[in-house]
Amino acid sequence: MAAVPPDGQEKVIAAAQHIVKSLASSKNAADDMIRILSGFDNRLSLMSDLFPPPPGAAAVDSILEADEGTSQGEGQEEDEPDPDDDAAARAEEEWDAAAEVIERWESPAAADRMVFGSREDAEEYLAAAACLAGAPSSRAEAALQAAMARLEDEFRHLLIRGASPLAAADLQASLLRRLSLTVPSFNSSAVDLDCPSFANHAGEGGDEPGGRSSVSDDEISPYLIARDTVGALRDIADVMLRAGYAPELCQVYGEVRRDTLMECLAVLGVDKMSLEEVQRVEWGVLDGKMRKWIQALKVVVRGLLAEERRICSQILVADPNAEEECFTEAAKACVLQLLNFGDAIAIGKRSSEKLFRILGMYEALAEVLPELEGLFSGEAKDFIKEEAEGILVRLGDAVRGTIAEFANAIQGETSRRPLPGGEIHPLTRYVMNYVRLLADYNASLNQLLEHWDTELNGGDNPNMTPLGHCLLMLITHLQSKIDEKSRLYEDEALQNIFLMNNLLYIVQKVKDSEMKTLLGDNWIRKRRGQIRQYSTGYLRSSWTRVLACLRDDGLPQTMGSSSALKAALKDRFKNFNLAFEELYRTQTSWRVVDPQLREELKISISEKVLPAYRSFVGRFRGQLEGGRGSARYIKYNPEDLENQVSDFFEGNRPNA
């Protein structure tokens, strides 16, 4: 190997020292790495003092070496100074200096001051507390206890001060954005307290290469902990954890963060409610609370708790077990309050208006459940998983039970008052809008209704899905009820108008939605065939009597100006006029809701009546013209009738 100049040799050794410092986690690891590197170049064996001994270690080693020296002979003079005594003395001095820093903050003059009010004060205090961890003297132990009590208070204060609760809109908006935040921490290595134990703390926790970098995570959201606070909290946590105060630290973290998360939950509109309170609240209020719950569940799991988890891992990175405990204590109450409300809804009284909110709650919980479970671990994860899955099952039961209640409500509808003009019945509008919304939950309902008996087979489509079976059942119940209500009309023609209006409304709702796929084209074709039957029934019941006036059947066979024929014709035209005018009077007040169906019916009337009238008048006008009062009988020309037919089915009320 080529010789390296002296300055080059120093650079090689310095580079190797940097690598060992960066990668080695202990003195033993450093020794192993030096031994390996020396195998490549023996000059690297010159590296030393990478890991200064912990406080008191030098003194203990010196005592052991002294004992060995004594047992081996009298090679050491009695009056020669012992360097190990000097090391022990230096350690005592360091502990005393650290204790003095802590005690100074216990004086009345510092009673109202915060250590973390100043960067310099905080760095000095943390260094002192870290130095005292494990120190054997009674003074050091007392000072450490005082330091831990103060750090616990300041940890609490920083957690509370650093939280920035926002409005519900801000919390929801946090899901749509991620801010890149750099969270500075105190540079502990700047502390001028030459304490070996704190030097280790600084090397592992500061911003030096190989140590933990300052918190910079683009997933951290400022509404949980202010970004300039996370680093300070982490430094406190490191010292308390190393000193053996994990239980006290976790208790403070859990209490404060639990309260903060519960406040955020209240901002999102999720209040703590007992089962009895949920049962008593009126529907308008409960509907709003259910809607907010659906929104809040996603914000809490994907926003609040996900960010809480990340921040917790930043603050408590030194101890994974403490991190788990702290997060669980902070998050559990928030999660349980959400789940308890969901459970109260699931086991509460069922009513049709609740169905879509319950479906929304079911889908929201099913969607976030894997993420919710993933936030926890161990027993907490098992507990949350069991609770959430149980509520999901009960929400599914509530969905099925509510659909059954809705089906019973359709069959049990008992109104006996016919609608004026044969218009669409409110029950038809309500049921069809209801089932159209059900179709929007296709995936969830197919799963929930898979083994549910809907009392009907596939009907027109043997391959119908579970939701298709359900919709077919509900629409069949509705059609039966509409048939029943049509019989409330005494006029058969109006019965047919009513049936046409309602069935066409049903078909249009199916055709223009996902229900078309679920029920199939064949179902739609059959219902359109029914509508044509109702149209034929209307024409027959309304216009048969009118058209009978325009037939030759029953007229005297005598030709010319026979008085018998004239009398018969006068009677025919008179009856036609009366019948047509009666239909005009009544059927202009009837209403065919769909414009296309309305025009088709008018065309059908014109096609039946006008040719017959035009032919009849053409054949027999001469028998009446020139006679006295002939205009009283032939009152209308065909154009007049066509204009009057155009007024039919417009829903015009008499004297309006």
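All values derive from a computational prediction rather than experimental measurement.

Chemist: So what exactly am I meant to see when it comes to the overall build of the protein here?
Modeler: Helix and strand counts for the protein come out as 25 helices and 2 strands. Residue burial in the protein is summarised as follows: out of 656 residues, 47% are buried. Sequence-distant contacts in the protein: of pairs separated by 6 or more residues, those separated by 24 or more amount to 79%.

Chemist: Any chance you could explain empty space enclosed by the protein here in plain terms?
Modeler: Which parts of space are left empty comes out when a probe the size of a water molecule is rolled across the atoms. One pass over the full model with this rule turns up 2 cavities of 30 Å³ or more. Each pocket or cavity is described by its volume, and for the second largest cavity that value is around 30 Å³. In this structure, the second largest cavity is lined by Gly 269, Val 270, Asp 271, Met 273, Lys 289, Trp 293 and Phe 341. Tallied by class, residues from the lining of the second largest cavity come to 4 nonpolar, 1 polar and 2 charged.

Chemist: Can you help me understand the packing of helix 18 (residues 466-486) against helix 19 (residues 492-511) in this one?
Modeler: Packed helices, taken two at a time, are described by the angle between their axes plus the distance between the axes. Between helix 18 and helix 19, whose axes approach to 9 Å, the crossing angle comes to 165°. The orientation of helix 18 with respect to helix 19, classified from their angle, is roughly antiparallel. Where helix 18 crosses over helix 19, the handedness of that crossing is right-handed. Of helix 19, the residues touching helix 18 (which contributes Ile 475, Leu 478, Gln 479, Ile 482, Asp 483, Lys 485 and Ser 486) are Gln 495, Phe 498, Leu 499, Asn 502, Leu 503, Ile 506 and Val 510. Residue composition of the contact of helix 18 with helix 19, grouped by class: 8 nonpolar, 4 polar and 2 charged.

Chemist: What am I meant to see in the pattern of salt bridges here?
Modeler: Two side chains of opposite charge can pair, provided their charged atoms sit close to one another. Taken as a whole and assessed by the stated rule, the structure comprises 32 salt bridges. Here Glu 599 ties to Lys 602 by a salt bridge, and the two come within 3.6 Å at their closest N and O atoms. With Glu 599 and Lys 602 both in helix 23 (residues 595-624), this residue pair falls 3 residues apart, about one helical turn. Assessed through its relative accessible area of 40%, Glu 599 is described here as partly exposed. Through salt bridges with shared partners, one network takes in Lys 298, Arg 302, Glu 367 and Glu 371.

Chemist: Which parts of the structure should I look at to understand helix 21 (residues 521-548)?
Modeler: An α-helical segment advances 3.6 residues per turn. Residues three or four places apart therefore align on the same side. For helix 21, which comprises 28 residues, the first-to-last C-alpha distance of 40 Å matches the rise-based estimate of 40 Å (1.5 Å per residue) to within 8%. Along its length, helix 21 reaches its greatest deviation from straightness, about 40°, at Ser 542.

Chemist: Please clarify how the confidence of the model for the protein should be interpreted in this entry.
Modeler: Atom-level detail of predicted coordinates should not be read off regions where pLDDT is low. With 75% of its residues at a pLDDT of 70 or more, the protein shows a mean pLDDT of 81. Mean pLDDT across the elements of the protein ranges from a minimum in strand 1 (residues 182-183), with 28, to a maximum in helix 19, with 97. Low pLDDT, under 50, characterises residues 18-26; the predicted model gives this stretch 18 contacts beyond four residues in sequence or across chains. Long-range and interchain partners of residues 50-77, a stretch whose pLDDT sits below 50, account for 25 contacts in this model, where long-range means more than four residues apart.

Chemist: Whenever I open this one, the environment of Arg 417 confuses me. Can you help?
Modeler: Structurally, Arg 417 is set in the loop between helix 15 (378-411) and helix 16 (426-439). Given a relative accessible area of 74%, Arg 417 falls into the exposed group. A sequence separation of 71 residues divides Arg 417 from Leu 488, and the C-alpha atoms of the two residues are 7.4 Å apart.

Chemist: I keep staring at unusual backbone geometry and nothing clicks. Help me out?
Modeler: What you tend to see is this: most non-glycine residues have negative phi, and most peptide bonds are trans. For Phe 649, which is not a glycine, the phi torsion comes out positive at approximately 65°. Counting through the fold element by element, Phe 649 comes out in the segment after helix 25 (638-645). When its relative accessible area of 0% is taken as the criterion, Phe 649 is described as buried.

Chemist: Is there a simple way to explain the state of the cysteines in this structure?
Modeler: Scanning all chains against the criterion turns up 0 disulfides. Distance from the sulfur of Cys 326, which forms no disulfide, to the nearest cysteine sulfur (Cys 250) is 3.2 Å. Unpaired in terms of disulfides, Cys 334 finds its nearest cysteine sulfur in Cys 264, a separation of 8.1 Å.

Chemist: Sorry, what's going on with the side chain of Asn 577 here?
Modeler: The topology assignment puts Asn 577 in helix 22 (residues 563-587). Dropping the residues within four chain positions of it, Asn 577 is found in contact with Arg 632, Tyr 633, Lys 635 and Tyr 636.

Chemist: What is the right way to look at the nonpolar core in this model?
Modeler: Proteins that are soluble and globular tend to have nonpolar side chains buried together. Residues Met 148, Leu 151, Phe 155, Leu 438, Leu 445, Tyr 538 and Trp 543 are the most contacted members of the largest nonpolar core, which totals 183 residues. Looking at this core element by element, the count peaks at 14 residues for helix 12 (residues 283-315). When near neighbours in sequence (up to four residues on either side) are disregarded, Tyr 538 contacts Ala 493, Asn 496, Ile 497, Met 500, Trp 543, Gln 587, Trp 590, Leu 601, Ile 605, Phe 648 and Phe 649.

Chemist: What am I meant to see in helix 18 here?
Modeler: The terminal C-alpha atoms of helix 18 lie 30 Å apart, and with 21 residues this matches the ideal 30 Å at 1.5 Å per residue to within 8%. In terms of residue burial, helix 18 counts as a mostly covered element, since 16 of its 21 residues are buried.

Chemist: In this structure, what is going on with the environment of Arg 400? I would like to understand it.
Modeler: You can see Arg 400 is positioned in helix 15. Note on Arg 400: relative accessible area 21%, which makes it partly exposed. Placed 52 residues apart in sequence, Arg 400 and Trp 452 show a C-alpha to C-alpha distance of 8.0 Å. Among residues more than four places away in sequence, those in contact with Arg 400 are Leu 448, Leu 449 and Trp 452. Here Leu 448 takes part through its backbone oxygen, which lies 2.8 Å from a polar atom of the side chain of Arg 400.

Chemist: Any chance you could explain the packing of aromatic side chains here in plain terms?
Modeler: What the rule picks out here adds up to 19 aromatic pairs. Their ring planes at 55° and their centres at 4.9 Å tell us that Phe 616 and Phe 620 sit as a pair that is tilted. Of this pair, Phe 616 and Phe 620 both sit in helix 23, 4 residues apart, roughly one helical turn. Across this residue pair, the class does not change: Phe 616 and Phe 620 are buried. Through a chain of ring-to-ring contacts, three or more aromatic side chains come together here, namely Tyr 538, Trp 543, Phe 576, Phe 580, Tyr 584, Tyr 613, Tyr 636, Phe 648 and Phe 649. In this structure, Arg 309 is placed above the aromatic ring of Phe 327, and the distance from its NZ or CZ to the ring centre is 4.8 Å.

Chemist: For this particular structure, what's the right way to read the side chain of Lys 481?
Modeler: Assignment of secondary structure puts Lys 481 in helix 18. A polar contact is formed between the side chain of Lys 481 and the backbone oxygen of Glu 413, at a distance of 3.0 Å.

Parameters at a glance
- Residues numbered from 1 in each chain as written.
- Predicted model: local features only at pLDDT ≥ 70, side-chain atom pairs only at ≥ 80, totals over all residues.
- Heavy atoms only, no water.
- Helix = DSSP H or I, 4+ residues; strand = E, 2+ residues; numbered from the N terminus.
- Buried < 20%, exposed > 50% of the residue type's maximum accessible area, 1.4 Å probe, protein only.
- Contact = heavy atoms within 4.5 Å.
- 1 Å grid on protein atoms, 1.4 Å probe; cavity = no way out; pocket = protein on both sides within 12 Å on 5 of 7 lines; lining within 4 Å.
- Points joined across faces, edges and corners; volume = space filled by probe spheres on them.
- Nonpolar A, V, L, I, M, F, W, Y, C, P; charged D, E, K, R; others polar.
- Axes fitted to C-alpha atoms, helices over the stretch in contact; angles between N-to-C directions.
- Parallel < 35°, antiparallel > 145°, perpendicular 65-115°, else oblique.
- Left-handed = near helix turned anticlockwise from the far one by under 90°.
- Salt bridge = Lys/Arg side-chain N within 4 Å of Asp/Glu carboxyl O.
- Expected span 1.5 Å × (residues − 1).
- Bend = angle between axes of the 7 residues up to and from the residue.
- pLDDT = per-residue confidence, 0-100.
- Disulfide = S-S within 2.5 Å.
- Core = buried A, V, L, I, M, F, W, Y, C linked by side-chain atoms within 4.5 Å.
- Polar contact = N/O pair within 3.5 Å; in protein donor to acceptor, adjacent residues only side chain to side chain.
- Phe/Tyr/Trp six-rings, centres within 6.5 Å; stacked < 30°, edge-to-face > 60°.
- Lys NZ or Arg CZ within 6 Å of the ring centre and 35° of its normal.

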